Amino acid sequence: MKQSWIDRSIWRTKITSGQVTTKEKWLGYLLGPAGALLLNAVLATYLNVYYTDVLKLTSVWGGAFLVVFPIVSKVIDAVTNVVMGYVIDHTRSREGKARPWLLLSAPLVAITAVLLFTVPNASKTVQVVWVMVSYNLFYSFAYTIFNMSHNLMVPLSTRNITERGSLSVFNQIATIMMSGIIVALIMPMVIMPMIGVDKGKWIALMCSLSILALPLTLLEYFFTKERVTLENQAAGEDISVPFAQQLKTILTDKYILIIYGYFLISTIAVSIKNISLVYFCNYVLGTYNDGITQTLVSAIGGIPMGIGIFAVWPLAKRFGKRNITMAGMILMSLGSAICWAFPHSMVLVLVGQFIKNVGGLPGAYVFMALFADVLHHVEWKAGFRCDGIAMSIYNIIAVAIVGISTGIFNGWLASAGYVAPEMVNGVTQAVTQSSTVQGVITFGFVGLETFSCLILAVLLLFLNVEKSIGKKQAEIKNRRDGNGHDN
């Protein structure tokens, strides 16, 4: 991207300081991303419900549509993530290489999110085409531009480790706390009982969230700054390591393959669990949109996440990041097993959920630190950084697995005989699902995690990179000092 309209003063960042400012933290990294992240969190939990319960697409193509379509779409999404990463790396402007695309994403995310829900009242063929096109316009195009740009803002913001850590905390608050409060508490307790399967109310709700995301994303653009990119541009530094060499380095390193395997398995389990949550609360533990079941289940999960940021890091420093994550996986498996054994008991499910979510704290807050250790190890081993390609593969796993998991879960529902609710005289009426349907929903919500968490605990046994990372970082610094570099 050549210097052009983005370099005009009207589009300049409002942050001029060489150091990270308080205004930057609150507006650029906490409030700014909250709109798009909230929208994405709502979609992750409820878009599939809209497809199955409001549009009633479960039986289309004999149940195959909602199985195949998400998988194919996420393959497309994975490809566009790689393309977008390449485009960002080759963007040059006074505003950086990622931030210009953040600006472009603001209107695109809002518009395409509205299209997701404004499916016309037409034949199933028309609706299917609309769903496929709008889904890919949002996820494979608009949100990919936002997500790739947003994820790069913290690492490109500053070289100062303390400042970067502070920005990461603010981003975590935006992702976990703000989205969690709305999606986990307000949506199931207040909003879902009000809208039921009324399509007009769904459209009104999602249009409101989409419109809200637009000015907030602009806040993220105007109140962030790519100090690292601007420093590199001023020094005339370019990446000299060929893409193929970086890729080979990544795919032949033991530790990074372990961390990718960990992320792959955990993403599958978490994605299916998140999709299953609403169905589990509606048909297994409680009744359809009763306003309390999902709120209680989600609140029990949200309480540990809220206090976890204060508890996990002291434990990680004392016992090691890998070790507390392993212990957490065992707790998660135990908690999930309790829920799986007693899926109709509110008390025991809540107990199991609390145990499970306490166990999930290390994975939520420590994983990226372990990932950073692995990247330092790769730099020590290869003599150059592979952050860009490593993050591209990470994003490919993240986006592709969500689609695959959605397809798998929808396949389970269709094969088990899931029956969507109906609107009768303006009132949503849901049937009692068969024991087979309830069984696959319960397995998706807690059964799969019972096994996957044990597998992850075993996998982490081989991730002993943390033990020698201090020595390797010292060697990297010595190499740079010997070559005349000062950062």
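Residues numbered from 1 in each chain as written. Predicted model: local features only at pLDDT ≥ 70, side-chain atom pairs only at ≥ 80, totals over all residues. Heavy atoms only, no water.

Moving on to the overall build of the protein. From N to C terminus, the protein includes 16 helices and two strands. A separation of at least 24 residues holds for 84% of the contacts in the protein among residues at least 6 apart in sequence. Put simply, the protein shows about 21000 Å² of open surface, and 68% of that area lies on carbon and sulfur atoms. (Helix = DSSP H or I, 4+ residues; strand = E, 2+ residues; numbered from the N terminus. Contact = heavy atoms within 4.5 Å. Areas by Shrake-Rupley, 256 points an atom, 1.4 Å probe, with all protein chains shown as cover.)

If you check helix 2 (residues 65-89), its first and last C-alpha atoms are 36 Å apart, about what 25 residues at 1.5 Å a residue would give, namely 36 Å. Every buried residue of helix 2 is accounted for by F65, L66, F69, P70, S73, K74, D77, A78, N81, M84, G85 and I88. (Expected span 1.5 Å × (residues − 1). Buried < 20%, exposed > 50% of the residue type's maximum accessible area, 1.4 Å probe, protein only.)

Attention now moves to the side chain of T249. For T249, the location among the structural elements is in helix 8 (residues 243-251). For T249, a relative accessible area of 16% corresponds to the buried category. The contact partners of T249, leaving out residues within four places of it in the chain, are V378, A382, F384 and C386.

Our next topic: the confidence of the model for the protein. Across the protein, the average pLDDT comes to 85, with 90% of residues at 70 or higher. The secondary-structure element of the protein with the lowest mean pLDDT is helix 7 (residues 227-235), recorded at 72, while helix 15 (residues 435-460) shows the highest, at 96. (pLDDT = per-residue confidence, 0-100.)

This part is about a nonpolar patch on the surface. A cluster of nonpolar side chains, V129, V133, L137 and F141, forms an exposed patch at the surface whose accessible area comes to about 320 Å². Tracing the backbone shows F141 in helix 4 (residues 124-157). For F141, a relative accessible area of 40% corresponds to the partly exposed category. (Patch = residues over 30% accessible without salt bridge, like charges linked within 9 Å, V, L, I, M, F, W, Y side chains within 5 Å. Salt bridge = Lys/Arg side-chain N within 4 Å of Asp/Glu carboxyl O.)

Right, let's talk about the pattern of salt bridges for a bit. Between side chains of opposite charge, a pair can form when the charged atoms approach closely. A full pass over the atoms with the stated rule returns seven salt bridges. Across the salt bridge formed by K381 and D253, the nearest N and O atoms sit 3.4 Å from each other. Taken together, the residues K381 in helix 13 (residues 361-382) and D253 in the loop between helix 8 and helix 9 (254-285) connect sequence positions 128 residues apart. By relative accessible area, D253 is classed as buried at 2%. Residue E449 is joined to K356 by a salt bridge in which the shortest nitrogen-to-oxygen separation is 3.3 Å. Of this pair, E449 sits in helix 15 while K356 sits in helix 12 (residues 346-359), and the two are 93 residues apart along the sequence. Taking the relative accessible area as the measure of exposure, E449 reaches 2% and is therefore buried. When its relative accessible area of 2% is taken as the criterion, K356 is described as buried.

The angle between the axes and the distance between the axes are what describe a pair of packed helices. At a closest axis distance of 10 Å, the pairing of helix 11 (residues 321-341) and helix 13 adopts a crossing angle of 145 degrees. For the pair helix 11 and helix 13, the crossing hand works out as left-handed. Within the contact between the two elements, helix 11 uses K321, R322, I324 and T325 and helix 13 uses P362, G363, V366, A369, L370 and D373. Class assignment for the residues of the contact of helix 11 with helix 13 results in five nonpolar, two polar and three charged. (Axes fitted to C-alpha atoms, helices over the stretch in contact; angles between N-to-C directions. Left-handed = near helix turned anticlockwise from the far one by under 90°. Nonpolar A, V, L, I, M, F, W, Y, C, P; charged D, E, K, R; others polar.)

The next point concerns the nonpolar core. Counting 88 residues, the largest nonpolar core has L43, Y46, Y51, F138, W202, Y279 and I441 as the members making the most contacts within it. No other element matches helix 1 (residues 22-54), which puts 14 residues into this core. Those residues in contact with I441, other than ones at most four positions away along the chain, are S276, Y279, F280, Y283, V284, F409 and L413. Ranked by size, the runner-up nonpolar core spans 37 residues in total, among them Y255, Y262, L361 and L456. (Core = buried A, V, L, I, M, F, W, Y, C linked by side-chain atoms within 4.5 Å.)

Within a pair of aromatic rings, the relevant descriptors are the distance that separates the centres and the angle that separates the planes. Under the defined criterion, the tally for this structure stands at 23 aromatic pairs. Between Y279 and Y418 the ring centres are 5.8 Å apart and the planes differ by 75 degrees, which places this aromatic pair in the edge-to-face class. Note that Y279 is positioned in helix 9 and Y418 in the loop between helix 14 (387-416) and strand 1 (422-424), a separation of 139 residues in sequence. Owing to a relative accessible area of 2%, Y279 belongs among the buried residues under this scheme. Ring centres of W412 and F443 lie 5.7 Å apart, and the angle between their planes is 65 degrees; on these two criteria the pair is classed as edge-to-face. Here F443 lies in helix 15 and W412 lies in helix 14, a separation of 31 residues in the sequence. (Phe/Tyr/Trp six-rings, centres within 6.5 Å; stacked < 30°, edge-to-face > 60°.)

Our focus in this paragraph is unusual backbone geometry. With phi around 55 degrees, K56 is a residue other than glycine that occupies positive phi space. Within the secondary structure, K56 sits in the loop between helix 1 and helix 2. We classify K56 as partly exposed; its relative accessible area is 25%. Non-glycine residue W61 carries a positive phi angle of around 55 degrees. For W61, the location among the structural elements is in the loop between helix 1 and helix 2. W61 gets classed as exposed once you look at its relative accessible area, which sits at 54%.

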